[in-house]
Amino acid sequence: MTTYIADNMHYSEVVARISEVTHSLVIGTADIKDLYVRCESRGDSEPLLAVLDRLVRRGVEVRLLHAKEPGPNFRDDFDRYPQLIKRLQRRLCPRVHFKVIIFDCQLAYIGSANLTGAGIGLKSDGKRNFEAGILTDDLRLVDAAADHFNAVWSGDYCRTCRRKSYCADRIK
């Protein structure tokens, strides 16, 4: 299965799957801001960080790789979830521009949407970005996305990187 994902489908087809992850979630994004999701049990919305907090409490490995420090609203929300401080694995690389989410090493989103409300979140159609990507369970694509993510995550490019002056928190 490989499906083209456009605009508000990013929320319904990609973000909605995050809470269903059972053992690993990998997120690569250039930009990260406060992103809200529907909380079905309460009938309102909550920060995506609340969902990630529940995942790490269940023992799910969550890795987040992003290009720059999140905005102040995200940081304020982050501080409300002490388990994320302890268990969320997070790295910064200013060269990251890919947008990848890998669910349990079996399904991957590969596309243009950042981890922001306008990119992949609950923003209304008149406010959201025009985004495009694919959602696939083709293991060749899932593995290729995971290999690329892992190479950056592990610092494989750090030795020859010519952007170190922009790297506030070097991986290697």
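See the structure printed just above.
Every chain is numbered on its own, with residues counted from 1 as its sequence reads. Confidence filtering applies because this is a predicted model: local features only for residues at pLDDT of at least 70, side-chain atom pairs given and counted only at 80 or more, and all residues used for totals across whole chains, interfaces and linings. Side-chain figures throughout are based on the complete set of non-hydrogen atoms in the structure, without hydrogens or water.

Q: Hey, could you run me through the packing of aromatic side chains in this one?
A: Geometrically, a pair of aromatic rings is defined through the distance of the ring centres and the angle of the planes. Any two rings among Phe, Tyr and Trp, with Trp reduced to its six-membered ring, count as a pair given centres within 6.5 Å; such a pair is stacked if its planes are under 30 degrees apart, edge-to-face if over 60, and tilted if neither. By the definition in use, this model includes three aromatic pairs. When the centroid spacing of 6.3 Å and the interplanar angle of 20 degrees are considered together, the rings of Phe74 and Phe78 count as stacked. Note that Phe74 and Phe78 are positioned in helix H3 (residues 72–78) at a spacing of four residues, about one turn of the helix. The pair Phe74 / Phe78 is uniform in exposure class, with both members buried. Judged by centre distance (6.5 Å) and plane angle (55 degrees), the ring pair of Phe98 and Phe149 falls under tilted. Highlighted residues: Phe98 in the loop between strand E6 (89–92) and strand E7 (99–103) and Phe149 in helix H6 (residues 139–153), separated in sequence by 51 residues. Members of the aromatic cluster, joined through ring pairs, are Phe98, Phe149 and Trp153. Two thresholds decide whether a charge sits over a ring: the Lys NZ or Arg CZ must be within 6 Å of the ring centre and within 35 degrees of the ring normal. When the ring centre of Trp153 is taken as origin, the NZ or CZ atom of Arg63, which lies over that ring, is 5.0 Å away. Here a strand is any run of E in DSSP of at least two residues, a helix any run of H or I of at least four, and the numbering for each starts at the N terminus. Relative accessible area decides the class of each residue, using a 1.4 Å probe on protein chains only: under 20% of the type maximum gives buried, over 50% gives exposed, and in between gives partly exposed.

Q: Looking at this structure, how should I read the environment of Ala16?
A: Take Ala16: it is sitting in helix H1 (residues 9–18). Among the residues examined, Ala16 registers a relative accessible area of 35% and is labelled partly exposed.

Q: Looking at this model, I keep getting lost on empty space enclosed by the protein. Mind explaining?
A: With a probe scaled to a water molecule rolled over the atoms, the places where space remains empty come into view. Throughout, the protein atoms alone are placed on a 1 Å grid, and a set of points is a cavity if a 1.4 Å probe fits but cannot get out or a pocket if it is open with protein on both sides within 12 Å along at least five of seven lines; lining residues have an atom within 4 Å of a point. Grid points are joined across faces, edges and corners, and a volume is the space filled by probe spheres set on the points. Per the counting criterion, the structure on display carries two cavities of 30 Å³ or more. The space that makes up the largest cavity amounts to roughly 60 Å³. Together, Ile32, Lys33, Asp34, Leu35, Pro47, Leu48, Leu49, Leu52, Phe74, Asp77 and Leu115 line the largest cavity. Looking at the lining of the largest cavity, the elements that each hand over two or more residues are helix H2 (48–57) and H3. When residues in the lining of the largest cavity are grouped by element, the largest group, three residues, is from H2. Polarity classes work like this: nonpolar for Ala, Val, Leu, Ile, Met, Phe, Trp, Tyr, Cys and Pro, charged for Asp, Glu, Lys and Arg, and polar for all others, with Gly in that last group. Here the lining of the largest cavity is built from residues that sort into eight nonpolar, no polar and three charged. Estimated volume of the second largest cavity: approximately 40 Å³. In terms of lining, the second largest cavity is formed by Ile27, Gly28, Thr29, Lys99, Val100, Ile101, Tyr109, Ala113, Asn114, Leu115 and Ile120. Elements represented by at least two residues in the lining of the second largest cavity include exactly strand E2 (24–29) and E7. By residue class, the composition of the lining of the second largest cavity is seven nonpolar, three polar and one charged.

Q: Can you walk me through the pairing of strand E4 (residues 44–47) in this structure?
A: The side chains of a regular strand alternate between the sheet's two faces. As defined by bridge partners, strand E3 (residues 36–39) adjoins E4 across four bridges and the pair is classed as antiparallel. Paired with Cys39 across the bridge in E4 is Asp44. Any two strands are treated as partners once DSSP identifies two or more bridges connecting them. Hairpin connection, E3 to E4: the antiparallel pair is bridged by four residues, and Gly43 has positive phi, about 80 degrees.

Q: Looking at this structure, how should I read the side chain of Asp53?
A: Note that Asp53 resides in helix H2. By relative accessible area, which is 7% here, Asp53 ends up buried. In this analysis, two residues are considered to be in contact whenever any of their non-hydrogen atoms come within 4.5 Å of each other. With residues up to four places along the chain from it excluded, the contact list for Asp53 reads Tyr81, Gln83 and Leu84.

Q: Could you clarify how one ought to interpret the side chain of Thr136 in this entry?
A: With respect to the helices, strands and loops of the structure, Thr136 is situated in strand E9 (residues 132–136). Definition of a polar contact: a pair of N or O atoms within 3.5 Å, with one able to donate and the other able to accept a hydrogen when the atoms are protein atoms, and with sequence-neighbouring residues admitted only if both atoms are side-chain atoms. Of the polar contacts made by the side chain of Thr136, one reaches the backbone nitrogen of Asp138; its length is 2.9 Å. Once residues within four sequence positions are removed from consideration, Thr136 is found in contact with Met1, Thr2, Gln106, Leu107, Ala108, Leu141 and Val142.

Q: I keep staring at the pattern of salt bridges and nothing clicks. Help me out?
A: Between side chains of opposite charge, a pair can form as their charged atoms come close. The rule for a salt bridge is simple: a side-chain nitrogen of Lys or Arg has to be within 4 Å of a carboxyl oxygen of Asp or Glu. Scanning the model with the defined rule gives eight salt bridges in all. The partner of Glu46 in a salt bridge is Arg54, with the nearest N and O atoms 2.6 Å apart. Its relative accessible area of 5% is what places Glu46 among the buried residues. In this structure Arg54 comes out as partly exposed when scored by relative accessible area, which is 40%. Among the charged side chains, a salt-bridge network with shared partners connects Asp31, Lys33 and Lys68.

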